[in-house]
Amino acid sequence: MSAAKTRAETLVKENPVVVFSKSYCPYCNASKSLLKEQGAKFVALELDLEKDGSAIQDALEEITKQRTVPNIFIKQQHIGGNSDLQAIKGKLPTLLKEAGAL
């Protein structure tokens, strides 16, 4: 297994909410804003600022079949991207509470 895939999987396993993001991406920023509004504790990994960011993005595509960012996990479950997160906005408080992210 690649180091990038191990790093991605470890982040997901060790944190209740993880957003794989790019610092300049408006959809990523919208997802992070929604999580902040909900009071969620989350880890955001800005792939464009990481030396192995491209490799992590490749690994995420292998894991989730999703190449785009944001790539969001809650309680080790792949949520999807920003539109997927926005679609479950009403259920988010419950999900975050169950994940221990509030």
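Located above this text is the structure these notes cover.
Just so it is clear, the structure is predicted and the values come from calculations on it, not from any experiment. (Residues numbered from 1 in each chain as written. Predicted model: local features only at pLDDT ≥ 70, side-chain atom pairs only at ≥ 80, totals over all residues. Heavy atoms only, no water.)

**Description of the nonpolar core**
Line of reasoning, step 1. Ranked by size, the top nonpolar core spans 14 residues in total, and within it F20, L45, L47, I56 and L60 carry the most contacts.
Line of reasoning, step 2. Those elements that provide at least two residues to this core are α1 (3-14), β1 (17-21) and α3 (53-64).
Line of reasoning, step 3. Counting residues per element, this core draws most heavily on α1, which supplies 4 residues.
Line of reasoning, step 4. Ignoring any residue separated from it by four or fewer positions in sequence, one finds I56 in contact with A4, R7, A8, F20, L45 and L47.
Line of reasoning, step 5. Counting 13 residues, the second-largest nonpolar core is a separate cluster that includes V17, L35, I74 and A101. (Core = buried A, V, L, I, M, F, W, Y, C linked by side-chain atoms within 4.5 Å. Buried < 20%, exposed > 50% of the residue type's maximum accessible area, 1.4 Å probe, protein only. Helix = DSSP H or I, 4+ residues; strand = E, 2+ residues; numbered from the N terminus. Contact = heavy atoms within 4.5 Å.)

**Remarks on the pattern of salt bridges**
Line of reasoning, step 1. Within this structure, the stated rule accounts for 7 salt bridges.
Line of reasoning, step 2. Between E61 and R67 there is a salt bridge; the shortest N-O distance is 3.5 Å.
Line of reasoning, step 3. For E61, a relative accessible area of 34% corresponds to the partly exposed category.
Line of reasoning, step 4. Among the residues examined, R67 registers a relative accessible area of 35% and is labelled partly exposed.
Line of reasoning, step 5. Put simply, E98 and K75 hold a salt bridge, and the shortest N to O gap is 3.9 Å. Residue E98 is located in helix α5 (residues 92-99), and its partner K75 is located in the loop between β3 (71-74) and β4 (77-80); the two are separated by 23 residues in the primary sequence.
Line of reasoning, step 6. Through salt bridges that share partners, R7, E50 and D52 make up one connected network. (Salt bridge = Lys/Arg side-chain N within 4 Å of Asp/Glu carboxyl O.)

**Brief notes about α1**
Line of reasoning, step 1. Look at α1: 16 Å from first C-alpha to last across 12 residues, which is about the 16 Å you get at 1.5 Å a residue.
Line of reasoning, step 2. Buried within α1 we find A4, K5, A8, L11 and V12. All buried residues of α1 fall inside an arc of 130° around its axis, so they share one side. Facing away from the buried side of α1 by over 90 degrees, the exposed positions are A3, K13 and E14.
Line of reasoning, step 3. Taken together, the buried residues of α1 touch β1, β2 (43-46), α3 and β3. (Expected span 1.5 Å × (residues − 1). Arc of directions from axis to C-beta.)

**As for unusual backbone geometry**
Line of reasoning, step 1. The omega angle of the peptide bond from V69 to P70 is 0°, so this bond is cis rather than trans.
Line of reasoning, step 2. Along the chain, P70 falls in the loop between α3 and β3.
Line of reasoning, step 3. One non-glycine residue, K65, adopts positive backbone phi at about 70°.
Line of reasoning, step 4. Structurally, the position occupied by K65 is in the loop between α3 and β3.
Line of reasoning, step 5. For Q76, which is not glycine, the phi dihedral falls at a positive 65°.
Line of reasoning, step 6. Within the secondary structure, Q76 sits in the loop between β3 and β4.

**Considering the side chain of Q66**
Line of reasoning, step 1. Summarising the element assignment, Q66 is placed in the loop between α3 and β3.
Line of reasoning, step 2. One polar contact links the side chain of Q66 to the main-chain carbonyl oxygen of T68, over a distance of 3.0 Å.
Line of reasoning, step 3. Not counting chain neighbours up to four residues away, the residues in contact with Q66 comprise L60, E61, N71, H78, G80 and G81. (Polar contact = N/O pair within 3.5 Å; in protein donor to acceptor, adjacent residues only side chain to side chain.)

Functional significance is not addressed by these values, which are geometric in nature.
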